[in-house]
Amino acid sequence: MEKLNDEAQWIVLMGFMVAAAFFFLALVINQSTLVGQTTAESVLEFPKEDIRDVKSEVAAVVATASISDAEKEKLWKDIEALYIARKNAVVDIEKTGGSATHTEVKIHFNNGVTTYDETAYY
Amino acid sequence: MVDDSAQLYTIEGFAAAFIILATAYLISGTMSIYTPGDSHITDMQLEQIGNDVLAVMDTPTTQGGESELVGYLKDWNTDGFNERFSNLLNNRTSGKDTLKYDASVSYRSDTDTVQNAPFFSSQTRTNYEQAVRVTRLVTIPESTDLSSHLPEFEKRDQVVLLEVLIWRS
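Model, not experiment: these values are computed from the prediction.

Before going further, it helps to spend a moment on the domain arrangement of chain A. Domain annotation of chain A identifies domain 1 (1-45) and domain 2 (48-121). On a C-alpha basis, the centroid separation for the pair domain 1 of chain A and domain 2 of chain A is 53 Å.

Okay, structure coming up:
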């Protein structure tokens, strides 16, 4: 190495290190599209609004005193029929008990991907 | 003494090659091509805003009261529904959005079959739209008679399903 001037080699090596740092930053940016995509797919697949809608409708019907118990059974049948026909989801709503102060309702939801079961007290 | 100057040149060559490769990867990697599969991101936003609009319209303003959505459905008030729904759907911080929709009503008829009837459409569909569907269950009271709009309609307290297709035009 006596006569070799190796100054430039160090500059190149430093350049390589900077490039490597940029390389990893680029990897992170690269993943962001993929992450957004898969997150959006998961959100679309999960029937959050469907379950909430069924729950809120059941709650509203249970709270309506003017509808008799026999009529309420018909309304549960409506919801079940509509969900299996229009949204390909099995919904089962059943009054399982209650007293003067509350009503116990079992709600079952299954759209083939997500299953949800709840015993609700309204 | 062995002259090892060539080794340094070799290392330099490797380093330079890596830099070129890394740069090429960086440039090709940061380019993203928007394919139809990526439309899930915009679909999610459409579905969210649609569900939000329906939730706002189906929330009664008084305890035990009737939501405006129930009002529009039981009176078959398509104009009132259109005005309110379009407004909420296309609301932006500045200006107006260009979302279009097609609403229909599904119900369990007196023959125990689920039927679907159109409610209101803000634009005629070509069936090529990238539409998303949002739904909302609505309880309509017994006094409602929609038999002129919904065939085989059974007059009773019942739950109907309001379905809305939303797309950007």
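There's more to say after this.
Turning our attention to the nonpolar core. Ranked by internal contacts, the top residues of the largest apolar core, which has 31 residues, are Phe81, Phe85, Tyr101, Phe119, Leu162, Val164 and Ile166 of chain B. Counting only elements with at least two residues in this core, the list comes to helix H2 (40-57), helix H3 (68-74), helix H4 (78-89), strand E1 (99-108), strand E2 (114-121), strand E3 (132-140) and strand E4 (158-168) of chain B. No other element matches the five residues that E1 of chain B contributes to this core. Discounting residues that sit within four places of it in the chain, Ile166 of chain B has contacts with Leu46, Gly50, Phe85, Leu89, Leu99, Lys100, Tyr101, Gln130, Ala131, Val132 and Val134 of chain B. In this structure, Val54, Ile67, Leu75 and Phe109 of chain A belong to the second largest nonpolar core, which totals 20 residues.

Moving on: the packing of aromatic side chains. Residues and elements named next belong to chain B. Counted by the stated rule, this structure contains twelve aromatic pairs over all chains. A centroid spacing of 6.3 Å and a plane angle of 80° characterise the contact between Tyr72 and Phe81, whose relative ring orientation is edge-to-face. For Tyr72, a relative accessible area of 14% corresponds to the buried category. Judged by relative accessible area, which is 1%, Phe81 ranks as buried. Here a set of aromatic residues connected by ring pairs shows up, and it is made of Tyr72, Trp76, Phe81, Phe85, Tyr101, Phe119 and Phe120.

Listed per partner, the contact involves 43 residues of chain B and 41 residues of chain A. Both faces combined, the contact of chain B with chain A buries some 3,900 Å², and carbon together with sulfur accounts for 63% of it. Contact with chain A buries surface across chain B, with Leu8, Arg108 and Leu137 of chain B losing the most and accounting together for 16% of the total. Taken together, the links from chain B to chain A amount to five salt bridges. We note a salt bridge from Lys77 of chain A to Asp112 of chain B, for which the minimum N-O separation is 3.7 Å. Seen at the junction of chain B and chain A, the total is ten residue pairs in polar contact (both at pLDDT 80 or more). Secondary-structure elements contributing two or more residues to the side of chain B that touches chain A are helix H1 (5-30), H2, E1, E2, E3 and E4 of chain B. Classifying every residue of the side of chain B that touches chain A by side-chain character gives 18 nonpolar, eleven polar and 14 charged.

What counts, and at which threshold
- Residues numbered from 1 in each chain as written.
- Chains lettered and ligands numbered in written order.
- Predicted model: local features only at pLDDT ≥ 70, side-chain atom pairs only at ≥ 80, totals over all residues.
- Heavy atoms only, no water.
- Domains from an automatic or database assignment.
- Core = buried A, V, L, I, M, F, W, Y, C linked by side-chain atoms within 4.5 Å.
- Buried < 20%, exposed > 50% of the residue type's maximum accessible area, 1.4 Å probe, protein only.
- Helix = DSSP H or I, 4+ residues; strand = E, 2+ residues; numbered from the N terminus.
- Contact = heavy atoms within 4.5 Å.
- Phe/Tyr/Trp six-rings, centres within 6.5 Å; stacked < 30°, edge-to-face > 60°.
- Buried area = accessible area lost by both parts, 1.4 Å probe.
- Salt bridge = Lys/Arg side-chain N within 4 Å of Asp/Glu carboxyl O.
- Polar contact = N/O pair within 3.5 Å; in protein donor to acceptor, adjacent residues only side chain to side chain.
- Nonpolar A, V, L, I, M, F, W, Y, C, P; charged D, E, K, R; others polar.

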